[in-house]
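Descriptive analysis of the structure
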Amino acid sequence: MAHTVVIGAGPVGLVAAMLLAAEGQRVTVLDRDLMDPRAEDVVASSAGGGRRQRPGVRQFGQPHILLPGGMRVLDRELPRAVAELGAIGGHPYNVISGAWGAGEVGAEQPGDTRFETLALRRPLVEAALLAAARETPGITLRRERVTGLLTAPKPPERDRPRVTGVVTADGATVPADLVVDASGRDTRLPALLEKQGARLAELPGTNGFRYYSRFFRSPDGSLPKPRRWPLTHHDSVSLITLPADRGTWSVTLVTSGRDQILRALGETAVWDRAAALYPEIRPWLDGEPLDGVTVMGGTATRRHELLRDDRPVVTGLLPVGDAWATTNPQFGMGLTMGFRQAELLRDQLRKLGTEDPAELVLAYDRATEDTLVPLWADSDAWDRHRLAEIDEETQGRTYRSDDPAWNLRNVLDAVRLRDPRLLRAVADVASLLRTPDEALAGTDLLTRVAEWSVGVPRHTEPGPARSRLLTALGAAGRE
Ligand SMILES: Cc1cc2nc3c(=O)[nH]c(=O)nc-3n(C[C@H](O)[C@H](O)[C@H](O)COP(=O)(O)OP(=O)(O)OC[C@H]3O[C@@H](n4cnc5c(N)ncnc54)[C@H](O)[C@@H]3O)c2cc1C
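Residues numbered from 1 in each chain as written. Predicted model: local features only at pLDDT ≥ 70, side-chain atom pairs only at ≥ 80, totals over all residues. Heavy atoms only, no water.

1. A few points about the layout of surface pockets
For clarity, the threshold we go by: A cavity, in this analysis, means grid points on a 1 Å lattice covering only the protein atoms where a 1.4 Å probe fits yet has no way out; a pocket is instead an open set bounded by protein on both sides within 12 Å along at least five of seven lines, and a residue lines either one if it has an atom within 4 Å of a point. Grid points are joined across faces, edges and corners, and a volume is the space filled by probe spheres set on the points. Secondary structure is summarised from DSSP: a helix means a run of H or I of at least four residues, a strand means a run of E of at least two, and numbering begins at the N terminus for each. All amino acids are sorted into three groups, where Ala, Val, Leu, Ile, Met, Phe, Trp, Tyr, Cys and Pro are nonpolar, Asp, Glu, Lys and Arg are charged, and the leftover types, Gly among them, are polar.
Of the voids in this model, the second largest pocket is the one considered here, and its volume is about 330 Å³. Residue lining of the second largest pocket: 17 residues in total, with E389, Y399, R400, N410 and R458 positioned closest to the centre. Looking at the lining of the second largest pocket, the elements that each hand over two or more residues are α10 (373–394) and α11 (404–415). At five residues, α11 tops the list of elements feeding residues into the lining of the second largest pocket. Among the residues forming the lining of the second largest pocket, the class breakdown is six nonpolar, six polar and five charged.

This is how it looks when you write it as structure tokens:
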């Protein structure tokens, strides 16, 4: 029976472990900071509203949504995980429910069930997946920090190392037929590989955005009415509103990582003043705050390449989830992309086993290139435009680009409520249920969108211009 070591008991590592164990593999999951699911459950119900920090996961305290695309992966593969997400308080949430009855969208339709997910705070997502993993035969979970890699002696004709296991902080070795790196966005594995003479090329994305989030709770467990769309863009600020478990929810203000003036949003009083300027989120501010503002910067995106000159850089080691690539958190794709990648990994292992490790890397790379790399590339292109747009807006100028993909996405933001089919096509793509080509196949929607796009403004929801925002924050004239 093959033995796989998974480094990291984050959401993607746990899903990968459960999928491989279901194939009859022996799986050892090592995490430097293994949680106790029951303790998370208790603390989430406490007055403080749960833990915000986890040493290996900087975004632990930030709001998360599991997109419907990711939820469908769990539905079809891991019903035990879905049951745990429900048992720990997951709130059923249909991501298009705020659009029902708005514009020309009309009422809920039978097929809309595909947009359902369970809303929870991030620590509880992990706690539920961990509880499911603990119940899965074939999985051993250990609290260990991985500090090194075991490699086979290099055959003279090959110039790449083959990983054969890991070394932990106490110096113990754990041999494996395959090592899966699921240690997240700050993975140390590329640095460890360099010591073995192998370099995973890193494709840099952007320097990213900065997230200023607050959590709220209602006294009676009720939640604010969903907005027509949970993510909206304004001049230099984007707004995200997400429901969660136990009558809690979150509001996030997103700025460019370069925006020094708006760093004042990290102060609770400043955040409150700024948020109140946006009418569309006012109902979401009407709750008992769980704490102050949780800030996260340093969200640079990047992607690792497994091949150089069409050959694997290393064998015996495959990265999944954030250890492979990070995308713009605004779109909430990280968990879903990671779950899908874990499925791809399982599929390739099912087909090929571990006997020919180079072929396994090649097949995994091809599958990832076909399905996930396009998502990463689209997200990266959007980030570059949006950051450039914010730069222009802070200078009081209007950003213009002739990139059709950026212009189409902006128009879709503005007109998606004009047609029930369009709203669902946009939601299918945003939920990672379908590709844009699949969502638009056989429709005349692009032609209609071109007609509707004439004269639509870039930002459709009312909100303050940047100059007014800065005045309200007491920062006018500092630009
Ligand atoms: C601000 C922000 C908001 C986000 N919002 C969303 C969202 O709404 N929806 C969404 O889908 N995604 C979101 N994401 C992305 C999401 O957080 C990640 O995609 C997800 O956490 C990736 O899971 P993972 O299991 O790959 O890695 P992680 O969650 O980072 O888990 C890595 C695990 O590895 C362990 N580890 C690290 N190093 C070692 C080591 N050396 N030895 C042993 N263990 C180790 C850590 O303790 C941790 O448990 C957001 C990201 C950010 C930054």
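2. What to know about the packing of helix α12 (residues 420–430) against helix α14 (residues 445–452)
Rules: In this analysis, axes come from line fits to C-alpha atoms, helices being fitted only over the stretch in contact, and the angle between any two N-to-C directions falls in the range 0 to 180 degrees. Each angle gets one of four labels, with under 35 degrees taken as roughly parallel, over 145 as roughly antiparallel, 65 to 115 as roughly perpendicular, and the rest as oblique. Contacts are residue-level and defined by heavy atoms, with any inter-residue pair within 4.5 Å sufficient.
Following both chains from N to C, one finds α12 and α14 inclined at 105 degrees, their axes separated by 11 Å at the closest point. Looking at the two axes, α12 sits roughly perpendicular to α14. Here R421, L422 and A425 of α12 lie close against α14, whose contacting residues are L445, V449 and W452. Considered class by class, the residues forming the contact of α12 with α14 number five nonpolar, no polar and one charged.

3. Considerations on the sheet that holds strand β21 (residues 325–326)
Applied cut-off: For two strands to pair, DSSP has to find at least two bridges joining them.
Taken together, the three strands give an open sheet; going across it, the order is β10-β17-β21, and neighbouring strands pair in antiparallel fashion. One side of each edge strand has no neighbouring strand; the edge strands of this open sheet are β10 (201–204) and β21. Pairing analysis gives four bridges linking β10 to strand β17 (residues 302–305), with the strands arranged antiparallel. Its bridge partner lying in β17, A201 is registered against E305.

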